[in-house]
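What follows is the residue order along each chain.
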Amino acid sequence: MPAQEALEIGLVEIRTRDLQRAREYYEAVFGWTGTPVGDGSYAFLDTGKQPIAALYEIGNRDIPVGVTPYLLAPEIDDVLADVAKVGGEVLAPKSEWGAMGFWANTQDPWGNGVALLQPRSAWSPSYRAAPRHPIVWAELRAPDLQAAVRYYKRVAGWSFQVKPGVDHFAFRSAGSHPVGVGLVGGARADLLGQLTMYARVDDLTEVGERVGRAGGSLSQHSKTAPETGRIRIAYDPDGNAMGLFEDGPRGA
Amino acid sequence: MGRDFRRLLQGVPCWNRRTQAIYEQHGVPLHDVVLQSRAELALLCELIEREGVRSYLEIGVWTGRLVTALHELFDFDRVAAADIGVVESLGLPLRLPFGVDFFHGDSHSAAFVAWRRALGPVDLVLIDGDHRYDAVRADWELARRSPCRLIAFHDIVGDDPGSAGVRRLWRELEGDKIELVAPNDELGQRESTMGIGVVRGPFPRPGDLEADWPG
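What you see is a predicted model, and the numbers here were worked out from it, not measured in a lab. (Residues numbered from 1 in each chain as written. Chains lettered and ligands numbered in written order. Predicted model: local features only at pLDDT ≥ 70, side-chain atom pairs only at ≥ 80, totals over all residues. Heavy atoms only, no water.)

Caption draft 1: Region of the structure containing the nonpolar core. In this structure, Met197 of chain A together with Leu70 of chain B are the most contacted members of the largest nonpolar core, which totals 99 residues. Looking at this core element by element, the count peaks at eight residues for helix α3 (residues 145-156) of chain A. Here this core spans two domains, and each of domain 1 (9-119) and domain 2 (135-247) of chain A adds at least three residues to it. Apart from the residues within four sequence positions on either side, Leu70 of chain B is in contact with Leu41, Leu44, Cys45, Ile48, Tyr56, Asp75 and Phe76 of chain B. Among the nonpolar cores identified, the runner-up in size contains 28 residues, and Ala82, Phe153, Val166 and Leu169 of chain B belong to it. (Core = buried A, V, L, I, M, F, W, Y, C linked by side-chain atoms within 4.5 Å. Buried < 20%, exposed > 50% of the residue type's maximum accessible area, 1.4 Å probe, protein only. Helix = DSSP H or I, 4+ residues; strand = E, 2+ residues; numbered from the N terminus. Domains from an automatic or database assignment. Contact = heavy atoms within 4.5 Å.)

Set out below in C-alpha cells:
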C-alpha cells in the first residue's frame, strides 16, 4: 500500500489566562505580532511562516494552559476514526470553527494533545511579516517508541527516521516538512514533561535575555541538540514551554 | 493512473547545481541530498510502483536520504540498508527510516554475507556503494545469489571517471535489463550523466549455487 498523504502542522495554539500579557510576551520575545479575532479571547500570531501561532484565553481554571499543535486534515472524520482504532482518545469531537472550518481535539496514548483543523479552503494564512523565529520542531513523549511510530503513521501519515545506534529517539526531519517531529522514547520520555514546540532563533543567548525581560523564564542550561545546534526551553508567564533552537554549523 | 512522483518528490533534495559544484571541487559530493537526478528517481519510483515492490535493500546509502524518501513514498513491508558509514567521517549526518534493518559495515565482508542471508527474500536491491569495477562486481555477485526480484545499479551512463566501473559492469551484464535515464533538469542537462539500470530476475537464477557465494 502506498503511504498516505502526510498531515502537516498548520497552527500552534497557546492557551493563556491573560491574552494581552501573552501577546506582549510573544511579540517581545519572538517578534510575533498578534491580531485579536472574535470576542477578543483569541488572537493569531504572525510567525511569517507555517505554522502560524495563536493565543487562546481560557477563563475556566479547570482547563489547563498548554500548547497544542493542529494538524491540517482534509477530512477530520477520517482522522478521528484512525485515532480511535489505534488507542488514542477523542477529547473534543468535530465541531464548526466559524470561517476557519472544523476542528477536533485528540490525545495520543502517551498524553500528547494533538488537535485537528479542517480548513474550509486551502490553508494559506496571509502572513504580513517575514518569517521571524518560525516554529520548526515538535517533541512528543513516546515511552513506547515502536507503538508511537505506528500511531502517528496511521493517524498523520508520518514516517520516522533514526540515527544508527540511537534507540530512544525517532524523528521526522524538519528539512522536508514545515515542522519536524521528534518522538522521545524509553526512559528518556519521562524526562519530557509535556509536548514541546521549538522556534528557531538566530541567537539563543539574545532571545533568552528577552524572555527574562518579558516576564518569562528559562530552563537552567542550554543543551546541545544532536548534530544540529543548541536548545533551551523558554517558559511564558503562564508557564507554557516553547523551545528555543539555535542552528549549529550543519543546520537543521 | 499512477501517482505523480515528480510532484511527490518535490520536497526531497536531490543532486542539484550546488551538489555538482561541490563534487567538481572536491571529487566527493559532500552534500546531504539524494545523490540521484530527481527525474531518474521519479522513473525508479514508477518502476517500484509498477512492479509492486514491497521490500527494499539499498547498498550504499550516503546520508540515507534515498532510502528514507522511498520508504516514505511506499511504506515498504521491509526495508534494509547497508553502508560503511563514510558520511559520518565526512561530517554529514546519517539518518535511516525507523525500523530499518541496517548493516553498518563493508558489503564485501563475511559479516555482510551472513546478514544478507538472514535477511531473506527482497523484491528490489539497489547497488549504489563503491563504484570501482571490482567492488560493484562483488556487490552484484552477492546480490544475484540472494533471493530477490530486481537488482538496480546507479550511475550506468555518462562519462564520469568515478562511475566507469559501474558502466563497464552494466555493459557486461546480460538478461532482461531496463534503463531509467533522463537528463537532470536541475543541472540544465540535455543528456543524463547518471542513469539507473535494473536487471529483472528472479534471482538466484538456476545455476547460481549457494556454494558460489563470495566471502
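Caption draft 2: Region of interest: the interface of chain A and chain B. Tallying the contact residues gives 21 residues for chain A and 20 residues for chain B. In total, chain A and chain B occlude about 1,800 Å² of area from one another, counting both sides; carbon and sulfur atoms represent 51% of this. Linking chain A to chain B there are one salt bridge. Its salt-bridge partner being Lys153 of chain A, residue Asp75 of chain B comes within 4.0 Å of it at the nearest N-O pair. (Buried area = accessible area lost by both parts, 1.4 Å probe. Salt bridge = Lys/Arg side-chain N within 4 Å of Asp/Glu carboxyl O.)

Caption draft 3: Inspection of the pairing of strand β2 (residues 78-83) of chain B at higher detail. All names here are of chain B. Of all six residues in β2, five are buried; the element is thus mostly enclosed. Both strand β1 (residues 55-59) and β2 contribute to a ladder of five bridges, which runs parallel. Within β2, the residue paired with Ser55 across the bridge is Arg78. Relative to strand β4 (residues 101-104), β2 is paired through four bridges, and the arrangement is parallel. Its bridge partner lying in β4, Ala81 is registered against Phe102. (Pairing = 2+ DSSP bridges.)

Caption draft 4: Molecular detail of the sheet that holds β4 of chain B. Residue and element names in this part refer to chain B. Strands sit in the order β4-β2-β1-β5-β6-β8-β7 across an open sheet of seven strands; the sheet is mixed. Looking at strand neighbours, the two that pair on one side only are β4 and β7 (177-180), the edges of this open sheet. With strand direction ignored, the average angle separating the axes of adjacent strands in the sheet is 15 degrees. With respect to the sheet, helix α3 (residues 38-51) is in contact with β5 (122-127), β6 (148-154), β7 and β8 (196-203), its orientation differing from that of β7 by roughly 140 degrees. Sitting on the sheet, helix α7 (residues 133-144) touches β1, β5, β6 and β8, and the angle it makes with β6 is about 170 degrees. (Axes fitted to C-alpha atoms, helices over the stretch in contact; angles between N-to-C directions.)

Caption draft 5: Summary view of a negative patch on the surface. Residue and element names in this part refer to chain A. A contiguous patch of negative charge, built from Asp18, Glu24, Glu27, Asp39 and Glu57, is present on the exposed surface. Within the secondary structure layout, Glu57 lies in strand β4 (residues 52-57). On the accessibility criterion, Glu57 (30% relative accessible area) is partly exposed. (Patch = residues over 30% accessible without salt bridge, like charges linked within 9 Å, V, L, I, M, F, W, Y side chains within 5 Å. Areas by Shrake-Rupley, 256 points an atom, 1.4 Å probe, with all protein chains shown as cover. Lys, Arg positive; Asp, Glu negative; His and termini not counted. Charge placed at Lys NZ, Arg CZ, Asp CG, Glu CD.)

Caption draft 6: Summary view of the domain arrangement of chain A. Residues and elements named next belong to chain A. Looking at chain A, the domain boundaries give domain 1 (9-119) and domain 2 (135-247). The C-alpha centroid of domain 2 is placed 18 Å from the C-alpha centroid of domain 1. Listed as interface residues are 37 residues of domain 1 and, on the opposing side, 34 residues of domain 2. Here Arg21 and Asp238 are joined by a salt bridge, their closest N and O atoms 2.9 Å apart. In this structure, the connection of domain 1 to domain 2 is made through 12 residue pairs in polar contact (both at pLDDT 80 or more). Counting residues per element, the ones that place at least two in the side of domain 1 that touches domain 2 are β1 (9-16), α1 (19-30), β5 (66-72), α2 (76-85) and β8 (113-119). With six residues, α1 is the largest single contributor of residues to the side of domain 1 that touches domain 2. For the side of domain 1 that touches domain 2, the per-class residue count stands at 21 nonpolar, eight polar and eight charged. (Polar contact = N/O pair within 3.5 Å; in protein donor to acceptor, adjacent residues only side chain to side chain. Nonpolar A, V, L, I, M, F, W, Y, C, P; charged D, E, K, R; others polar.)

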